[in-house]
Amino acid sequence: MQTVSLLKGWFPLVVALLAAGMLLLAVGWRDQTWRLRRVPVVAVVAVIVTLLLSSNSASLLGITDPLPANVWIWAGCAIGALLVLAVGWRSAGWWRRGAALAAALLAAFVCANGVNQFVGYYPTIGAVWDDWTHTPLPGVTSISSVKHHPPTDGNILPEGKLVGVTIPSTRSGFKHRQELVYLPPTWFRGPAFRPTLPVVELVGGERGGPPDWVRLGNAVQTANSYAARHNGYAPILVFVDATGGFSNDTECVNGRHGQAEDHLVRDVPEYIVKTFDTTADPNRWGVAGFSMGGTCALGLVVEHPDVFRHFVDISGDLTPNSGNAEQTLSDLYGGSTKDRALHDPQTVMRVHGPYTGVSGLFLVSKHETIHIREAGDLSRAAAKVGIKTQLIVSPGTHVWQFAAPAFAQAFPWFVSQLK
């Protein structure tokens, strides 16, 4: 079952059919009062509750992106099954009650998996198990073992290594989870042989954590593949924690949800330079991200060109947001319009410009019409202040299964900018 897909194939279809079958069995035919009075009332109430949930999903559920219709249809089925269980309790036998409960659970699963299919977060049952049981990523080594790894004296390891690190929040005080660092093969050649390596911070989406770019974004495989073609050379990748928790939407700004910006701009670079003997030259530092991380990548570069000069923005937003404009102003900036302006990329670029040596890529899937338009606006605004950018639209949707190959496609260009 570990490799069974949750995104497509037989399993999601079977569960959906079971949910529909159980719901029909739970409703049943029963008597005339049940069919003509109670079932219509149950259906109307289920629709009303579902519509209320969908129209208030941002404030009630913390969901800021519009979800597909099938998610809300199955949410309505789950609500309807629970109402059938409650309203029809007396007229139902134990097996019909069991069917109603099973229908509610199965429909809720199909609904939740509909959200999962929308974002592509858990591709398989095994991915869910590994995440929920906090299974360590395979191949992660400790900082001490890396520090004491004997130099290869010019020889090239077949692959780089992934290191678990605890970066002190000395400058930010930001409460974050363990972060990860990818060291390319050339790093292990020893100080006498290795070049000074560039660094890329990778930021995930609003929901998730540092391992996402490893598990879902295939960033380590991308870097290893590049290194294999370039004598072991690749950037150091830092898989940062920009949120501190699964549902803590910071948008990489300092605010009510923590000093995430200071962590990414101050804590992380200082630690990486000191620990792994890298350069602090902003021309050789970049940020890449998907979804919220894409928004962060652009924002961090244009706000802090003294730290980062290059970005890859994959399906990011026009500006940091945690819902509608009112919610964002309150949530992220505590009601301060000044702070909001300081983190709006177009405003920042207009005030700061012109820039020197800053470049970036906007990568968007062809089904993201709003993001395509917004990326176009940002790219034109960047060009006016001397930032060299490209906008690339490719097949796909707003899921990790688009972000991973998009990053792999952008990687050679990204490395060329960091030299």
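It should be emphasised that the depicted structure is a prediction, and the values quoted were computed from it without experimental measurement. (Residues numbered from 1 in each chain as written. Predicted model: local features only at pLDDT ≥ 70, side-chain atom pairs only at ≥ 80, totals over all residues. Heavy atoms only, no water.)

Colleague: Run through the nonpolar core, naming residues and quoting values.
Modeller: Core analysis: the largest hydrophobic core is formed by 102 residues, its most contacted members being Phe239 and Ile314. The greatest single-element share of this core, amounting to 10 residues, is contributed by helix 16 (residues 400–417). Dropping the residues within four chain positions of it, Ile314 is found in contact with Trp213, Gly289, Phe290, Ser291, Gly294, Leu363, Phe402, Ala403, Ala406 and Phe407. Counting seven residues, the second largest nonpolar core, distinct from the first, contains Ala26, Trp34, Leu85 and Ala100. (Core = buried A, V, L, I, M, F, W, Y, C linked by side-chain atoms within 4.5 Å. Buried < 20%, exposed > 50% of the residue type's maximum accessible area, 1.4 Å probe, protein only. Helix = DSSP H or I, 4+ residues; strand = E, 2+ residues; numbered from the N terminus. Contact = heavy atoms within 4.5 Å.)

Colleague: Which residues make up the state of the cysteines, and what values go with them?
Modeller: Where two cysteines share a covalent bond between their sulfur atoms, that bond is called a disulfide. A full pass over the atoms with the stated rule returns one disulfide. Left without a disulfide partner, Cys77 is nearest to the cysteine sulfur of Cys111, which lies 9.5 Å away. (Disulfide = S-S within 2.5 Å.)

Colleague: Explain a nonpolar patch on the surface to me, using residue names and the numbers behind them.
Modeller: A contiguous nonpolar patch, built from Met1, Trp10, Val14 and Leu18 and spanning about 440 Å² of accessible area, is present on the exposed surface. Along the chain, the position of Met1 falls in the segment before helix 1 (10–27). The class for Met1 is exposed, based on a relative accessible area of 61%. (Patch = residues over 30% accessible without salt bridge, like charges linked within 9 Å, V, L, I, M, F, W, Y side chains within 5 Å. Areas by Shrake-Rupley, 256 points an atom, 1.4 Å probe, with all protein chains shown as cover. Salt bridge = Lys/Arg side-chain N within 4 Å of Asp/Glu carboxyl O.)

Colleague: Now, about the side chain of His371: what can you tell me, with residues and values included?
Modeller: Tracing the backbone through its elements, the reader meets His371 in helix 15 (residues 369–384). A polar contact is formed between the side chain of His371 and the side chain of Glu368, at a distance of 2.8 Å. Look past the residues within four positions of His371 in its chain and what remains in contact with it is Ser315, Gly316, Asp317, Val364 and His398. (Polar contact = N/O pair within 3.5 Å; in protein donor to acceptor, adjacent residues only side chain to side chain.)

Colleague: Pulling in residues and values, what's your account of the sheet that holds strand 2 (residues 161–165)?
Modeller: Strand order across the open sheet formed by nine strands is 1-2-3-5-4-8-9-10-11, with mixed pairing between neighbours. Looking at strand neighbours, the two that pair on one side only are strand 1 (140–142) and strand 11 (388–394), the edges of this open sheet. Taking each pair of neighbouring strands and ignoring which way they run, the sheet shows an average axis angle of 20°. Strands in contact with helix 11 (residues 292–303) are strand 4 (199–203), strand 8 (285–290), strand 9 (310–314) and strand 10 (359–365); relative to strand 8, the strand with the most contacts, it is inclined by about 155°. (Pairing = 2+ DSSP bridges. Axes fitted to C-alpha atoms, helices over the stretch in contact; angles between N-to-C directions.)

Colleague: Requested: an account of the environment of Leu7, with residues and values cited.
Modeller: Following the sequence through the fold, Leu7 ends up in the segment before helix 1. The spacing of Leu7 and Asn248 is 241 residues in sequence and 25 Å in space, taken between C-alpha atoms.

Colleague: Describe the pairing of strand 8, with residues and values.
Modeller: Each regular strand carries side chains that alternate between the two faces of the sheet. A large share of strand 8 lies buried, amounting to six of its six residues. Side chains of strand 8 alternate between two faces, with Trp285, Val287 and Gly289 and Gly286, Ala288 and Phe290 buried alike. Pairing geometry for strand 4 and strand 8, over five bridges, is parallel. Within the sheet, the bridge partner assigned to Leu202 lies in strand 8 and is Ala288. For strand 8 and strand 9, the ladder comprises five bridges, and the chain directions are parallel. Bridging across to strand 9, Gly286 finds its partner in His310.

Colleague: Describe the environment of Val385, with residues and values.
Modeller: Mapped onto the elements of the fold, Val385 is located in the loop between helix 15 and strand 11. Judged by its relative accessible area of 11%, Val385 is buried. The spacing of Val385 and His134 is 251 residues in sequence and 45 Å in space, taken between C-alpha atoms. When sequence neighbours within four positions are dropped, the list of residues in contact with Val385 reads Met349, Gly353, Pro354 and Tyr355.

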